[in-house]
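Close look at the chain arrangement
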Number of protein chains: 2
Amino acid sequence: MSDNRVTVLGVGLVRFSRYPDKSAEDLGREAALAALEDAGIDFKDVEAGFYGRVERAVGGGMRTFGELGQHGIPVTNVELACASSSRGALLAAGLIRGGLYDVCMVIGAEKMGRGMLGGGGEAGYQTQMGMFLLPGLYAMMAQRHMHLYGTKKEHFAQVSVKAHRNGVLNPYAQYQKELTLEEVLDSRMIADPITLYQCCPTTDGASAVILCSEKYAREHTTRPVYLTAWAAGTPMYVSGESALAEGPTKVLADKVYEASGLGPEDVDVVQLHDAFSPGEVLGVEELGFCRPGEGGPFVWEGNTEIHGKKPVNTDGGLLSRGHPMGATGGAMITEITRQLRGEAGPRQVNGARVGLLHNAGIGGINVMAFQV
Amino acid sequence: MSDNRVTVLGVGLVRFSRYPDKSAEDLGREAALAALEDAGIDFKDVEAGFYGRVERAVGGGMRTFGELGQHGIPVTNVELACASSSRGALLAAGLIRGGLYDVCMVIGAEKMGRGMLGGGGEAGYQTQMGMFLLPGLYAMMAQRHMHLYGTKKEHFAQVSVKAHRNGVLNPYAQYQKELTLEEVLDSRMIADPITLYQCCPTTDGASAVILCSEKYAREHTTRPVYLTAWAAGTPMYVSGESALAEGPTKVLADKVYEASGLGPEDVDVVQLHDAFSPGEVLGVEELGFCRPGEGGPFVWEGNTEIHGKKPVNTDGGLLSRGHPMGATGGAMITEITRQLRGEAGPRQVNGARVGLLHNAGIGGINVMAFQV
């Protein structure tokens with residue numbers, strides 16, 4: 001088992017945008033065709049499929065793979081809100097590592113609309129207590145962080161400034177326009193300290209990732225990117241200081257570092273879950289890139305810029321690339337793959353050899369390490 | 001890998017019924033506690049969870065496992081309509097066989113309501129062509145079967161008569177009342193030849209299945225039931241005679257027979273997808289218990305009765321036990337497990353040692369072989 005390094009063979013995206021005239025299945029098929037071309041293999045070589053989608057998932061995987069010329073392989077719809085397609089990738093990776101498949105494809109797709117998480121999510125006591133969904137949760141973590149560590153609202157806002165600067169360099173990003181710190185701070189208040197431009201936009205899009213066994217990769221690619229370690233878990237409700245954690249991110253990151261033999265200092269490029277700007281400030285702490293409480297200054301001083309010490313969300317992240325829930329995990333894998341292959345063009349991190357991914361959704365968190 | 005036979009360690013159900021005052025999470029937790037008791041292990045021994053649910057799945061796995069005292073393990077929502085929890089079980093089985101986990105739990109739960117598949121399913125051309133959903137599909141297959149083979153409407157109706165007779169013997173079945181052939185035939189016509197009592201009812205319920213590695217089973221149970229082979233696939237749209245198949249059931253069954261070294265003649269007890277009565281007539285053909293076209297007489301002559309040649313849906317099946325979509329696959333595994341352990345009480349098939357499962361949903365079909 002340990003000799004079978006799971007490999008990213010191909011990745012593909014459709015530009016994240018708004019597509020009123022296309023179905024999620026249309027978008028998913030386009031991303032899949034791009035990934036197949038990138039991998040240089042035929043769809044008939046794919047042995048199993050996973051489909052990450054949150055809304056109207058029933059039959060979605062069947063229809064999307066059907067449009068590719070489905071040859072009867074199993075396709076499973078995986079739902080984990082914002083972390084659906086990265087969880088699909090982890091299931092595929094586990095089955096490949098265990099020797100059950102050589103080639104799997106994960107398609108993620110979503111057309112976002114208002115109130116999509118209303119029926120699910122924290123439909124229990126949190127909503128009943130008057131807390132509106134995710135911006136409120138991130139805002140509470142941000143307020144606690146400000147109280148404990150003196151983090152400033154400008155630190156959070158800077159996350160979005162940096163994200164939009166990176167988005168300009170990514171032709172697949174929904175927003176390709178820079179924002180000043182003032183524009184971010186002066187936009188409409190959503191949940192103090194989070195203003196509108198510190199929230200991910202409403203986005204349609206799709207991603208596709210083809211994973212394979214190391215043996216298959218040796219025969220089919222000269223530029224393998226290895227998925228060398230991963231860990232997945234579920235947020236637990238915790239109290240006090242540790243509630244700042246979005247969930248067990250630190251625990252999962254530590255598992256991934258141990259399994260891969262890497263440390264935070266080895267990571268060259270990071271994709272982390274910045275659905276709202278505090279996500280990056282908290283994330284760089286939990287992933288071990290700075291000490292607890294230092295996330296604000298760490299971001300403010302430019303460490304997470306493309307040419308900073310620890311480049312984060314080089315493609316614009318959820319804030320500027322966009323966040324069509326089911327597609328986001330696959331988009332994160334796509335960016336890390338392009339960075340580690342040296343194919344990221346104007347946003348390339350020089351000499352990137354190790355990538356770390358953190359994707360969080362209602363119901364679960366995935367952390368993955370990639371290496372060349 | 002081949003030395004690691006995946007084992008069913010524990011199973012649990014809540015009685016299938018209507019539960020207006022309970023949530024799906026409540027039902028799922030009750031089923032899970034029953035499965036843990038049946039397995040004789042602690043929840044903290046479970047390393048990964050899968051949650052089969054179709055409606056309002058977002059956050060459902062997290063909440064359901066959370067109520068059990070979630071200790072941070074990954075929980076993945078798996079959606080495959082009527083085949084959700086059997087697909088969850090196959091993913092768990094694959095990861096166990098591959099050595100990634102020793103113990104996984106699959107919870108399936110659903111509260112059924114009207115129009116649940118309206119937003120998904122065959123939202124494409126079939127619906128646009130005026131075909132209402134699944135009763136229409138089964139009716140068309142039944143009509144074709146009648147045309148080709150002379151199958152009679154009484155043959156289909158007899159499936160429901162037998163199902164309800166078995167349901168009386170199952171305290172977990174929604175309906176525990178016999179129906180005469182005349183009652184079935186005279187109930188309201190839904191889609192000719194399918195009358196109301198040949199359609200699965202509207203049901204709430206939950207199931208839980210604990211799967212483990214052979215090594216773990218050796219240390220924790222004296223009555224292992226082995227999941228020795230499985231195959232999963234996706235229906236393809238096919239034309240002509242083969243359209244009678246619900247999908248690739250025959251292909252999948254042949255794979256399972258080959259992988260397990262078993263033949264149809266070795267199967268002692270069967271769970272198959274009788275969402276509508278033609279499901280059993282077609283299913284016994286596709287699974288190889290009789291020749292194509294002979295399914296009607298095969299059922300009519302009593303071969304699928306509990307003490308017949310090939311007992312099918314001994315627990316009442318979807319027609320009488322009920323069909324809460326996300327829970328059905330786990331309920332099928334539960335019945336086969338109880339039969340192979342000799343714990344099926346008044347509906348016990350004498351000396352049952354091999355069970356075959358067929359669970360079909362919009363998006364996929366699962367076939368599994370169990371042995372003691």
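Details of the structure are given in the entry above.
None of these values were measured; they are calculated from a predicted model.

What counts as what
- Residue indices begin from 1 for each chain and proceed along its sequence in written order.
- Chain letters and ligand numbers both follow the written order, the letters beginning at A and the numbers at 1.
- Since the coordinates come from a predicted model, pLDDT governs what is reported: local features require at least 70, and pairs of side-chain atoms require 80 or more to be given and counted, while whole-chain, interface and lining totals use all residues.
- Side-chain measures here rest on the full set of heavy atoms in the structure, leaving out hydrogens and waters.
- Only runs of H or I of at least four residues qualify as helices and only runs of E of at least two qualify as strands under DSSP, and these elements are numbered from the N terminus.
- Think of it in three bands: with a 1.4 Å probe and only protein chains considered, a residue is buried below 20% of the maximum accessible area for its type, exposed above 50%, and partly exposed in between.
- When checking whether two residues touch, look at their non-hydrogen atoms; a contact exists if any pair is within 4.5 Å.
- Here, Shrake-Rupley sampling with a 1.4 Å probe gives the accessible areas, and only protein chains in the shown set may cover a residue.
- By the counting scheme adopted, Arg and Lys are positive, Glu and Asp are negative, and His together with the chain ends is not counted.
- In this description, the location of a charge corresponds to atom NZ of lysine, CZ of arginine, CG of aspartate or CD of glutamate.
- Two strands are counted as paired when DSSP detects at least two bridges linking them.
- Convention adopted: a line fitted to C-alpha atoms gives each axis, helices being fitted over their contacting stretch, and angles between N-to-C directions are expressed from 0 to 180 degrees.
- With respect to orientation, any angle under 35 degrees is reported as roughly parallel, any angle over 145 as roughly antiparallel, any angle of 65 to 115 as roughly perpendicular, and every other angle as oblique.
- We call a crossing left-handed when the near helix sits turned anticlockwise from the far one by less than a right angle, and right-handed when that turn is clockwise.
- Residue type decides the class: Asp, Glu, Lys and Arg count as charged, Ala, Val, Leu, Ile, Met, Phe, Trp, Tyr, Cys and Pro as nonpolar, and the leftover types, Gly among them, as polar.

What to know about the overall build of chain A
Broken down by element type, chain A carries 13 helices and eleven strands. Seen along its three principal axes, the alpha-carbon backbone of chain A occupies a region of about 55 × 40 × 40 Å. Looking at chain A as a whole, 66% of its 372 residues qualify as buried. Summarising the internal contacts of chain A: among those between residues at least 6 apart in sequence, 78% fall at separations of at least 24. Taken as a whole, chain A presents about 12900 Å² of accessible surface, with 51% of it coming from carbon and sulfur. Here chain A contributes 33 positive and 42 negative side-chain charges, whose respective centroids are spaced 1 Å apart.

Description of the pairing of strand S10 (residues 354-361) of chain B
All names here are of chain B. The buried fraction of S10 amounts to eight of the eight residues, a majority that puts the element mostly inside the structure. Both faces of S10 are covered, namely the face carrying Val354, Leu356, His358 and Ala360 and the face carrying Gly355, Leu357, Asn359 and Gly361. Of the strand pairs in this sheet, S10 and strand S11 (residues 364-371) are connected by eight bridges, and their pairing is antiparallel. Residue pairing across strands places Gly355 opposite Phe370, the latter belonging to S11. Once S10 ends, the chain turns through two residues before running back antiparallel as S11, passing Gly363 with a positive phi of about 115°.

Focus: the packing of helix H5 (residues 134-149) of chain A against helix H10 (residues 278-286) of chain A
Two packed helices can be described by the angle between their axes and the distance between those axes. Residue and element names in this part refer to chain A. Between H5 and H10, the shortest axis-to-axis distance is 9 Å and the interhelical angle comes to 60°. In this view, H5 runs oblique relative to H10, as classed from their interaxial angle. Every pair of crossing elements has a handedness; the one defined by H5 and H10 is left-handed. Every residue of H10 that contacts H5 at Tyr138, Met141, Ala142 and His145 is listed here: Pro278, Gly279, Val281, Leu282 and Glu285.

Observations regarding the packing of helix H3 (residues 84-97) of chain B against helix H13 (residues 325-341) of chain B
All names here are of chain B. Closest axis-to-axis distance for the H3/H13 pair is 5 Å, and the angle between their directions is 60°. Facing Ser84, Ser85, Ser86 and Ala89 of H3, the residues of H13 in contact are Gly326, Ala327, Thr328, Gly329, Gly330 and Ile333. Class assignment for the residues of the contact of H3 with H13 results in three nonpolar, seven polar and no charged.

Some remarks on the environment of Val372 of chain A
All names here are of chain A. Topologically, Val372 is positioned in the segment after strand S11 (364-371). In the structure, Val372 is positioned 146 residues away from Tyr226 in sequence and 6.1 Å away in space, judged by C-alpha atoms. Filtering out sequence-adjacent residues up to four positions away, Val372 remains in contact with Pro224, Val225, Leu340, Ala352 and Arg353.

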